[in-house]
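# Structure assessment
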Amino acid sequence: METQRKSSEDDSEGERGLLHTWKGYSCSVTPERVLLPRPVLQVALGTRHGVLLVEGGQVYSFGELPWKQSQPLEPEKPTLESALSGQRVITIAAGSFHSGAVTEDGGVHMWGDNASGQCGLSGLSTVPNPTPVALLDSDINPPQTVPVLELACGGQHTLALSVQRDVWAWGSGCQLGLNVTVFPVWKPQKVEHLAGRYVLQVACGALHSLALVRCLGPHDLQRPHVDKCRQCNQLLYTMTDKEDHVIISDGHYCPIGVELTEDEGCLEAPAPIQILRTSPSEPVLPSQTSTSNSGSPAPSEGFEPSCDATQEKEESVLANGALAALESDSFTQSQSGVKSSPYPDEQAVKDYLQKLSDNTQVEQTAKTNTGGLHTLLPAAAGLATSNPGSALNSLVSSCASAVGERVASTYEALSLKKMMNYLPSGVPRPGGTTGDNTTDRVRLEDSTQAKKSSSTGDIREEEAEGLRRRLSLPGLLSQVSPRLLRKAGRPRMRAMALTPLGGLVPEAQDVFPTLQTEVWSWGHGEHGQLGHGDSLARLQPHCIKSLNNREVVRVVAGAHHSLALTAQSQVFSWGSNSCGQLGHMESPSTVPRLAKLSEGIRVWDVSAGERHTVLLADGDCIQPIIYYSGQQVREGEEERLAKETEEAGKEEEEQQRAGGYTQQPVLLPFCMNLRYVSNVFAGGRSCVALSDRNVMGFIASLHELASAERKIYCKMSNVKMQIIRPLLELESLSSALGQVTLGLLQTLAGRFSLLCHLTGQHAASLTANLRRGRDVKSLLVLDHSDIFLQCYKEYSSALGDFQVMGGFQCLTKPSLDFFGKTPELLQKLSECSEENPAMSDLLVALFYLPTRHLHEYGRLLLKLATCFEVCSDDYQKLQDSCSKFEALVLQLKKKRKEADYTFNFWKNFPGKMTESLRKPQRRLICESSNKALTLQNAGRFSVNWFILFNDALVHAQGVAPVKSLFSTHHVFPLATLWVEPIPEENTGIYGLKVITPEETFTLLASSPMEKAKWLRSINQAVEQALSGAGQDAASVSSGSGQKLEPPISRTASYTFYKDGRLKDAKYEGRWLTGKPHGRGVLKWPDGRIYTGSFKNGLEDGFGEFVAPNKTINKNDHYQGHWKDGKMHGLGTYRYASGEVYDGSFQDSMRHGHGMLRSGKLNTSSPSVFIGQWLQDKKTGYGVFDDITKGEKYMGMWQEHQRQGTAVVVTQFGLYYEGAFKDNKMMGTGVLLSEDDTTYEGEFSDDWTLNGKGVLTMPNGDYLEGSFNGEWGSGLKVSGSYFKPHLFDTDKDKSRVVKLGRLCVCAEDKWQAVFQECWSQLGCEAPGQGVTSKAWENIAVALTTSRLHIQDSPEILSRSHSRTLESLEFIPQHEGPINMDRYHTIRLYLIKACDTPLHPLGRLVETLVAVYRMTYVGVGANRRLLPQAVNEIKSYLNRIYQIVRFLFPDLPEEGGLIPEPTTNLQEKKEPGSTDAQPESPKPGRVVSSCALLLPVLLPRLYPPLFTLYALDKEREDDVYWECVLRLNKQPDLALLAFLGVQQKFWPVSFSVALSVLGEKQQVLSSTKDACFASAVETLQQISTTFTPSDKLQVIQLTFEEITREVQSLLKQDFLWSMDELFPVFLYVVLRARIRNLGSEVSLIEDLMDPCVQHGEHGIMFTTLKACYYQIQHEKVT
């Protein structure tokens, strides 16, 4: 393959994915171009072969391919792997001698050497062509194939990363991380130790493995908890409870399968070393669990107890894979197979621990490293460097309650304050540990290696800082007394997050790459390639603790060395450094150290081969540069070396060294010729670079964008680490800044950190885009520009707030103290070019650094946009984002200007007021120090100064000579400020009227210009204050002359300060020019709260009011209507005492009709009053039900006293009607007891007779005279006794007492209820008003009620709302009434009475309520029946009066509606006899009964019918006995008995269930068959309510009888009464109606008078006659 370096024909070849290969780093090296038909996307290099992935998903192999049947002629020339044709490959991997590919659907294909099972196919030593390998998840039933994201291949093993982010492994060696004893592992298996973690990337060295894992954060709580090791079923996390602290360990080590088979003895135990170092990654744990739970090596035999060794002693006995021989006999593996495990059993461990525990206590106290502290941290404050898994979290939470308190206070007791400063405020973990995987926090330097070698140079940049902060602590805190801990209480610490955990908007969380990562390693470690500070092997993945918080974004493995690339573009390396491949010459190389690169070199891609490393970095120009670190490769040397490698062991290194190698990475000079390199790859001895040509500047712009982002991120990280963090830690900070400013600084630091984190994530994503896609589609800054904009806005507002409060000036002194008088560091970081700038200016420049980067976004996006067609979507997207960023740049500039202006204003502002007025968010807009604005009518010597801020207008006042001392100032919040210009009208006054809720004043401007300026400024400021933007909205620049009129109606909150009803009350809600208007909430300091509508500053409309009652410590609660600040209209008032009043109010007093329930809310109320109120007192007619006494009073009241005529009934059947005075029965009255004993005469007190009277016995005897005493407890009587009917039996009883004379007449009852209805219709008194006005009122009432209900739609059913809508139309209510109009009115009334929102409906509902109140319960007394009937009749009359007012043309009660006639003839002779029977319907008599009873009676029916039943009880009993007796007879016998003529006896009857029309003979035994249909019809009388419906039923019954008789006689037929009566009697008997007497009485009392003489009247009379006949029927 010749070197292709064409320049002229460059364009003819592809422009993307050009492949260049080379070896070594000498100056003479020139890369070779490999030509391929398509752009190369990815390269993977093995020891002597390579694999290429090209666009379109095809795979090529090149180099030595011994597994192929036929060797290629030119091994350097790529050959297509045809076995993969038809599959679209998305990623490839190459191990030493095998390769793998992943297809689009997640399938894995392997080929190459399979001697160690690394291809995952059993039974083959080599796999010539790509062959599918399935990953089967057997945890699921049935097992499912797991799709794969990426592969990594090592020397003898392969790792796969599944879509679920689990790691799978196959092949041989401990680098698999599987719990198996037999190798090779042919079938892919899941690495259980990483289950439940989110793995981002895997990498394989020759004999070790690396994984990049996302730190456990809030988003991992959804991942399943893994509490137990799936192999040995032991807990992964263990908890050891000490006296005063708890130790939690995540060091579970699975012993199963550690033993290896002979042939794969990859774990020879290393020769005993004098003292083995413990792994730094493990906390020191006294293990008390049965399986040893630590992943650290135990010390070998000959260790002496030394200061360091205690740590090892504390470790458990099991080495991490390396077997340590402590008591050699217990470790010798007996061949007899008695004991299969090479490890000590439980007893041995316990004994050993016992031995240890004796001498640890003393040494622990002396121990000075942080090991002891370490044990505590994971449990409590989340400072531990690694985040224990979610299972640990649940464990922690279980013991948190016990431990949390103690551990927290332990910190305080040990003055760990300083260490805790950086507890992140991230999402709290379950179990109270705060997020601990954040970048910035005190790092406990836990690598003993690192500690030892800290003298050998810069291991970590912050080593010094770490030491400065490290505390010497005793290992276990048992010396601290528990009492001291309790006393210390919770630690008071400044918790300050410097890195967000979640950081971003949740949905963007998964789009942005994570920076919070851990690196885990496992496998062979003889070269230190695992990074744990030792050279021991690890069988299971372990976290490299020293890389936590380093923001590693990529891991790479060479043959025996490892590299980690961080977001800050640094490279950490560890492992074999025989040829300088680590990029530094530090030793030991068993812990990660930084590669040595000159300053300003930012590495963004890295790859490693056998003994070399290639780095791709940003230099000074946009074009990337390539560094090489490691062994030099000379031509022709490879073959020789390859042969020697097999034989030689140790001499190899010497030869390599002779061959030359780098001390630190060297720049490859040819890289500039490769144009824009996007990836570098290394493997074996070779290196590969992929590059692109810069078509239309697109690639260059992408590189520039990514490079700029990496640069600013490095810079911001430095600012954060080197400036912000040290400053925040200073002790003197709070005293220098004060509480408020310190809080602002912490907010600012937090926002800086967020912004820095976002930039880091963005840089990582741009880098990833360069390495793979290189397109515009995946640019986060386009899709999620709002996140960037928001982040910058928040940062800059925090910055502005800090600046306004003079934060930078206050910071000057602490900064000078800290950074010394020579602020070079600050100067360098802030890019300040001045000679000797002031410290505050430097700080300002530093903090404004990020906002300067915004302009870069705009510039680079625009540059990218120019690479596209103007009409394309990409252009549009880029253009839009660019303009968004440019707009933000302008906005932030303006913000900065405002902040400067405000800061300078405060600097020169007279002192005393500054403290109270200076607020972080407050910005100055303009002020009137130039006398441009004065107060009208101000005193001669007073000075007025007006200052307009973005949230308030401040009016400062003083006296003339003393300008600087303003004695008072007042702040008017802008949200409740209205300003209007006063028209000038030749007065020459330029005035502005300012209205605030409690003051109105006029400002005078000095000129029309000034007036316009202030008017505009105030209006703009108000508009912004209202839009909630305050300082965030980009205010309209004053130059634009734009008129922004803020709305006069607005929502705002305000606290009243002037004396009066509203003093100190806070109002939140709608306003209209200075007054509350609309919905709002008003809260008084004493706890009163009003919620509802306001009008002109007063409560008006519907509202709720709560007032606390101090004495019983409960609230009064009112819900209802208000007017002019007072309760007015209907409402419900729940008193704190438990009473509830439901009814009308006027002027905040109970007035009108209302109901008061007293007694406890939870029990049924002991008493209920319903009736009329006058100015908070019961006055007028009312019903009082005293449930505890069992009495009901129905009568007149005056000022809460029973006064006037009334009726009282009791539950024992006593009935009193008569006079009351002063709340007592006093005066004339009538008293009846249940057995009809009657007293009529004088009373003096309740149930107390006093004076003249007559006492009548049930049998008619009576006493006349004067009585004295209480009824029922022995009366004193002086008078005469009469027995009137001794001789003349035929005389009627003369002394029947006429009831109803001494009670309130029906018309006087419930006047308030009707009065309310009239006033709702707009009438002062019944009938006085305008009909049209009344209709308007109805429409308004309905509409407002409907709107009120729409706020809570659940109250309203769909049909109900339809009814309301139909009622809102006013029906035609004028003009002559005909039948159609009459029906329309009838339907309207039915609808109106159906909804309580209509005045008529409300009236009916109230009447029903009062009626039931009166006649239910104790009120169900038969003597009340006449009153109950009269009351209904009175309702009808009074409602009809209202109906006639609404429909004025309705005739009076009993009037006629003319029948619609087409025939003139009929009109002339209305009295002709034919007209009557033929058309009884059209000529309609109007009556209140017919119109209103159907609406009213069904609702009143139950109480009314009960009274009828009680009244007719005796007659009904006699009747019923007779019915039962006669019904025992069969049909024919009964017909005969009743004297029905033979010709009417039915001969046959139809059978209901038989074939249609089949008849059956009536036999002498037949029962209930004759006239069955008529009987059935009559039975329906009980299911109807109104008399007219009941009469209808009777008529239908007659028709049924007639029909049956006609079919019998086969002819028309006219009844005579003699014939009809017996038949009807039969039907009535067979109908068996229980309360027939009550039905008859009800019809009689309430039937329409006009019906009495018609057909219905006659039929009813017949029924009545039947009822009496049955009662007196004698059975013979």
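Sequence order as written defines the numbering, with residues in each chain counted from 1. It should be noted that, the model being predicted, local features are given only for residues of pLDDT at least 70 and side-chain atom pairs only at 80 or more, the latter also being counted only at that level, while totals for whole chains, interfaces and linings use all residues. As a rule here, side-chain values come from all non-hydrogen atoms in the structure, and water together with hydrogens is ignored.

## Overview of the overall build of the protein chain
The helix and strand tally for the protein chain stands at 38 helices and 63 strands. Residue exposure (1.4 Å probe, protein chains only): buried if accessible area is under 20% of the type maximum, exposed if over 50%, otherwise partly exposed. Buried positions account for 54% of the 1676 residues belonging to the protein chain. To be clear on the numbers: accessible area is Shrake-Rupley with a 1.4 Å probe, and residue cover counts the displayed protein chains and nothing else. As presented, the protein chain carries roughly 73000 Å² of accessible surface, and 53% of it is formed by carbon and sulfur atoms. A run of H or I in DSSP becomes a helix once it reaches four residues, and a run of E becomes a strand once it reaches two; helices and strands are each numbered from the N terminus.

## Observations regarding the environment of Ala-94
Residue position: Ala-94 is located in strand 7 (residues 89-94). Relative accessible area serves as the criterion here: at 13%, Ala-94 is assigned to the buried category. Pairs of residues are marked as contacts when any of their non-hydrogen atoms sit within 4.5 Å. The residues contacting Ala-94, other than those within four sequence positions of it, are Ala-44, Leu-45, Gly-46, His-49, Val-51, Ser-99 and Cys-153.

## Regarding the sheet that holds strand 27 (residues 602-608)
Two strands are said to pair when DSSP picks up at least two bridges between them. One open sheet accounts for 4 strands, arranged 27-28-29-30; its pairing is antiparallel. Single-partner strands in this sheet number two, and they are strand 27 and strand 30 (666-667). Where strand 28 (residues 612-618) and strand 29 (residues 625-630) come together, 6 bridges link them in antiparallel fashion. Within strand 29, the residue paired with His-612 across the bridge is Gly-630.

## A look at the environment of Ser-785
Here Ser-785 lies in helix 15 (residues 785-804). Overall, Ser-785 belongs to the buried group, its relative accessible area being 3%. For Ser-785 and Asp-880, which are 95 residues apart along the polypeptide, the C-alpha to C-alpha distance reads 10.0 Å. With sequence-adjacent residues up to four places away left out, Ser-785 is seen in contact with Leu-780, Lys-884 and Phe-885.

## Structural notes on the pairing of strand 4 (residues 49-54)
Counting buried positions along strand 4 gives 6 out of 6 residues, so the element sits mostly inside the fold. The pairing of strand 3 (residues 40-45) with strand 4 spans 5 bridges and is antiparallel. Looking across to strand 4, one finds that Val-40 is bridged to Val-54. Here strand 3 folds back onto strand 4, and the loop between the two strands holds 3 residues.

## Details of the pattern of salt bridges
Salt bridge, as used here: a side-chain nitrogen of Lys or Arg that lies within 4 Å of a carboxyl oxygen of Asp or Glu. Scanning all chains against the criterion turns up 43 salt bridges. Across the pair Lys-777 and Asp-874 runs a salt bridge whose closest N-O atoms are separated by 3.3 Å. With Lys-777 in the loop between helix 13 (733-771) and helix 14 (780-783) and Asp-874 in helix 20 (residues 873-907), the pair connects residues that are 97 residues apart, well separated along the chain. A relative accessible area of 53% means that Lys-777 is categorised as exposed. Linking Glu-1600 and Arg-1603 is a salt bridge whose minimum nitrogen-to-oxygen distance equals 2.8 Å.

## Some remarks on the sheet that holds strand 4
An order of 3-4-5-6 is seen for the 4 strands of this open sheet, with the pairing classed as antiparallel. With one partner strand each, in any of the chains shown, strand 3 and strand 6 (79-80) form the two edges of the open sheet.

## Focus: the nonpolar core
Only buried residues count toward a nonpolar core. Its members are Ala, Val, Leu, Ile, Met, Phe, Trp, Tyr and Cys residues joined through side-chain atoms within 4.5 Å. Of all hydrophobic cores here, the largest spans 107 residues; its most connected members are Trp-22, Ile-626 and Leu-779. Non-local contacts of Trp-22, meaning those with residues more than four positions away in its chain, are made with Val-29, Pro-31, Val-614, Ile-626, Tyr-628, Leu-668, Phe-670, Ser-686, Cys-687, Val-688 and Ala-689. Judged by nonpolar contacts, the second largest core, of 76 residues, contains Cys-1323, Leu-1342, Tyr-1435 and Val-1486.

## Observations regarding the packing of helix 16 (residues 807-819) against helix 18 (residues 839-847)
Remark: helix 16 packs on helix 18, axes separated minimally by 8 Å, with the N-to-C direction vectors making an angle of 105°. On the basis of their axis angle, the class for helix 16 and helix 18 is roughly perpendicular. Contacts between helix 16 and helix 18 pair Phe-808, Gln-809, Leu-811, Thr-812, Ser-815 and Leu-816 from the former with Met-839, Ser-840, Leu-843, Val-844 and Phe-847 from the latter. The residue classification treats Ala, Val, Leu, Ile, Met, Phe, Trp, Tyr, Cys and Pro as nonpolar and Asp, Glu, Lys and Arg as charged. All others, Gly included, are polar. The residue makeup of the contact of helix 16 with helix 18, split by class, is 7 nonpolar, 4 polar and no charged. Working convention: axes come from line fits to C-alpha atoms, limited for helices to the stretch in contact. Angles between N-to-C directions cover 0 to 180 degrees. For this classification, under 35 degrees means roughly parallel, over 145 means roughly antiparallel, 65 to 115 means roughly perpendicular, and everything else is oblique.

## A look at the confidence of the model for the protein chain
Of all residues in the protein chain, 73% have pLDDT values of 70 or greater, and the mean over the chain is 77. Note on residues 1462-1482: pLDDT under 50 across the span, and 8 contacts to partners over four residues away in sequence or across chains. The model gives residues 1551-1558 a pLDDT under 50, and that stretch makes 4 contacts with residues more than four places away or in other chains. What pLDDT expresses is the predictor's confidence in each residue, scored from 0 to 100.

## So, the packing of aromatic side chains
Aromatic ring pairs are defined here through the distance separating the ring centres and the angle between the ring planes. Ring pairs are drawn from Phe, Tyr and Trp, using the six-membered ring of Trp, whenever the two centres fall within 6.5 Å, and their geometry is named by plane angle: stacked under 30 degrees, edge-to-face over 60, tilted for the rest. Within this structure, the stated rule accounts for 59 aromatic pairs. An angle of 75° between the planes, with centres 5.9 Å apart, marks the rings of Phe-788 and Tyr-857 as edge-to-face. Within this pair, whereas Phe-788 is found in helix 15, its partner Tyr-857 is found in helix 19 (residues 849-865), the two being separated by 69 residues in sequence. Given the relative accessible area of 1%, Tyr-857 is considered buried. Taken together, a centroid distance of 4.9 Å and an interplanar angle of 80° make the contact between Tyr-1067 and Phe-1094 edge-to-face. Of this pair, Tyr-1067 sits in strand 42 (residues 1066-1072) while Phe-1094 sits in strand 44 (residues 1089-1095), and the two are 27 residues apart along the sequence. By relative accessible area, Tyr-1067 is classed as buried at 0%. Charge-over-ring contacts are defined here by two conditions on Lys NZ or Arg CZ: a distance within 6 Å of the ring centre and an angle within 35 degrees of the ring normal. The ring of Tyr-848 carries the charged tip of Arg-896 above its face, separated from the ring centre by 3.7 Å. Note that Arg-1150 overlies the ring of Tyr-1141, its terminal NZ or CZ placed 5.7 Å from the centroid.

## A look at the packing of helix 13 against helix 15
Where helix 13 contacts helix 15, the two axes come as close as 9 Å, and the packing angle between them is 155°. By the angle between their axes, helix 13 is roughly antiparallel relative to helix 15. With respect to the hand of their crossing, helix 13 and helix 15 are arranged in left-handed fashion. In this structure, helix 13 uses Thr-741, Leu-744, Leu-745, Leu-748, Arg-751, Phe-752, Leu-754, Leu-755, Leu-758 and His-762 to contact helix 15, whose residues at the interface are Ile-787, Phe-788, Cys-791, Tyr-792, Glu-794, Tyr-795, Ser-797, Ala-798, Leu-799, Asp-801 and Phe-802. When its residues are assigned to classes, the contact of helix 13 with helix 15 shows 15 nonpolar, 3 polar and 3 charged. Two helices crossing with the near one rotated counterclockwise from the far one by less than a right angle form a left-handed crossing, whereas a clockwise rotation gives a right-handed crossing.

## Section: helix 22 (residues 1008-1026)
Over its 19 residues, helix 22 extends 27 Å from the first C-alpha to the last, a length consistent with the 27 Å expected when each residue adds 1.5 Å. Along helix 22, the residues classified as buried are Glu-1010, Lys-1011, Trp-1014, Leu-1015, Ser-1017, Ile-1018, Asn-1019, Gln-1020, Ala-1021, Val-1022 and Gln-1024. The first or second residue beyond helix 22 is Gly-1028, which carries a positive phi of 75°. An expected span of 1.5 Å times one less than the residue number is assigned to each helix.

## Some words on the side chain of Ser-707
Mapped onto the secondary structure, Ser-707 falls in helix 12 (residues 698-729). Residue Ser-707 is classed as buried on the basis of its relative accessible area of 11%. Beyond its immediate stretch of four places on either side in the chain, Ser-707 contacts Arg-602 and Asp-618.

## Considering unusual backbone geometry
For the peptide bond that leads from Asn-141 to Pro-142, omega is -5°, which places it in the cis range. Its place among the elements puts Pro-142 in the loop between strand 11 (136-137) and strand 12 (144-145). In this structure, the amide linkage connecting Phe-183 to the following residue, Pro-184, adopts the cis form with an omega of -5°. Tracing the chain through its elements places Pro-184 in the loop between strand 15 (167-171) and strand 16 (185-190). Phi at Met-696 takes a positive value of approximately 55°, unusual for a residue other than glycine. Mapping Met-696 onto the fold places it in the loop between strand 32 (686-692) and helix 12.

## Some words on the pairing of strand 32
Most of strand 32 sits out of view: 7 of its 7 residues are buried. With burial as the criterion, each face of strand 32 is covered, one bearing Ser-686, Val-688, Leu-690 and Asp-692 and the other bearing Cys-687, Ala-689 and Ser-691. Here strand 1 (residues 18-23) pairs with strand 32 via 6 bridges, running antiparallel. Directly across from Lys-23, in strand 32, lies its bridge partner Ser-686. The sheet contact formed by strand 31 (residues 676-683) and strand 32 spans 7 bridges and is antiparallel. When the sheet's bridge partners are listed, Gly-683 is paired in strand 32 with Ser-686. The hairpin formed by strand 31 and strand 32 contains 2 residues between the paired strands, and Gly-684 there has a positive phi angle of roughly 55°.

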